[in-house]
Amino acid sequence: MTPTDDSRVMSTSHDQYQKPLPTPSPDSRPFWDAAKRHELHLPRCRDCDHFFFYPRHLCPQCLGSNLEWQRVSGNGTVYSFTVVRRPPNKLFVDVPYVLAIVELVEGPRLTTNIVGCAPQAVRCGSPVTVVFEDVTPETTLVKFRPVP
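Because the structure is a prediction, the values reported are computed rather than measured.

K.L.:
Would you explain the overall build of the chain in this entry?
P.N.:
Scanning the chain from N- to C-terminus turns up 1 helix and 8 strands. Secondary structure elements of the chain, listed N to C terminal, follow the sequence β-α-β-β-β-β-β-β-β. Here the contacts in the chain between residues at least 6 apart in sequence split such that 53% fall between residues at least 24 apart. Carbon and sulfur atoms provide 52% of the accessible area of the chain, an area that totals close to 8,400 Å².

And the structure:
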């Protein structure tokens, strides 16, 4: 499946999106720019070949600063999850939803949502793949859905 396949893109009515949006930092800007292109990019250390996430100035493996952003597969497994059934505030009333940690095949773990299935269908170890949700003209969120 290529990143331009419709199954990897979700649409949201831009004028209806009311939840808080990420504010990219200089370190995280390449992640959000790639998401806008419907690609998943992570920082990788050129010295030890280690992918990592969250973005930072030094490799957490070797403390090297020879870093680059590289496109990754977008495939992984559900490492951990919870089903949110009570809205934490008035902006998150679309309960239930799945808040999860996904471990990518490249190694890093991302906090995200699992979409495209009933919350009770999510299991630790289940294979997932990335989807992109264009929530505003400037912001695309990275989420995951089960692999059929």
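We are not done yet, so read on.
K.L.:
Hey, could you run me through the nonpolar core in this one?
P.N.:
Most often, soluble globular proteins keep nonpolar side chains buried together rather than apart. Grouped together as the largest cluster of nonpolar side chains are 20 residues, with contacts concentrated most on Leu-40, Leu-104, Ile-114, Val-142 and Phe-144. Tallying contributions element by element places strand E5 (residues 97-104) first for this core, with 4 residues. Excluding anything up to four places from it in sequence, Val-142 contacts Phe-31, Ala-35, Leu-40, Thr-112, Val-130, Val-131 and Phe-132.

K.L.:
Mind showing me how you'd approach the layout of surface pockets here?
P.N.:
Rolled over the atoms, a probe sized like a water molecule indicates the empty space that remains. In this model, the largest pocket occupies a volume close to 650 Å³. Lining the largest pocket are 22 residues, with Tyr-17, Thr-112, Asn-113, Leu-141 and Lys-143 positioned closest to its centre. Its residues assigned to classes, the lining of the largest pocket shows 15 nonpolar, 3 polar and 4 charged.

K.L.:
Looking at this structure, I do not really get the pattern of salt bridges. What am I missing?
P.N.:
Where charged atoms from two side chains of opposite charge come close, those side chains can pair. All chains considered together, the criterion is met by 9 salt bridges. Measuring nitrogen to oxygen at the nearest pair gives 3.3 Å for the salt bridge that ties Glu-103 to Arg-109. A residue is classified by how much of its surface remains accessible, and Glu-103, at 27% relative accessible area, is partly exposed. Linking Lys-143 and Glu-133 is a salt bridge whose minimum nitrogen-to-oxygen distance equals 2.5 Å.

The rules we used
Residues numbered from 1 in each chain as written. Predicted model: local features only at pLDDT ≥ 70, side-chain atom pairs only at ≥ 80, totals over all residues. Heavy atoms only, no water. Helix = DSSP H or I, 4+ residues; strand = E, 2+ residues; numbered from the N terminus. Contact = heavy atoms within 4.5 Å. Areas by Shrake-Rupley, 256 points an atom, 1.4 Å probe, with all protein chains shown as cover. Core = buried A, V, L, I, M, F, W, Y, C linked by side-chain atoms within 4.5 Å. Buried < 20%, exposed > 50% of the residue type's maximum accessible area, 1.4 Å probe, protein only. 1 Å grid on protein atoms, 1.4 Å probe; cavity = no way out; pocket = protein on both sides within 12 Å on 5 of 7 lines; lining within 4 Å. Points joined across faces, edges and corners; volume = space filled by probe spheres on them. Nonpolar A, V, L, I, M, F, W, Y, C, P; charged D, E, K, R; others polar. Salt bridge = Lys/Arg side-chain N within 4 Å of Asp/Glu carboxyl O.

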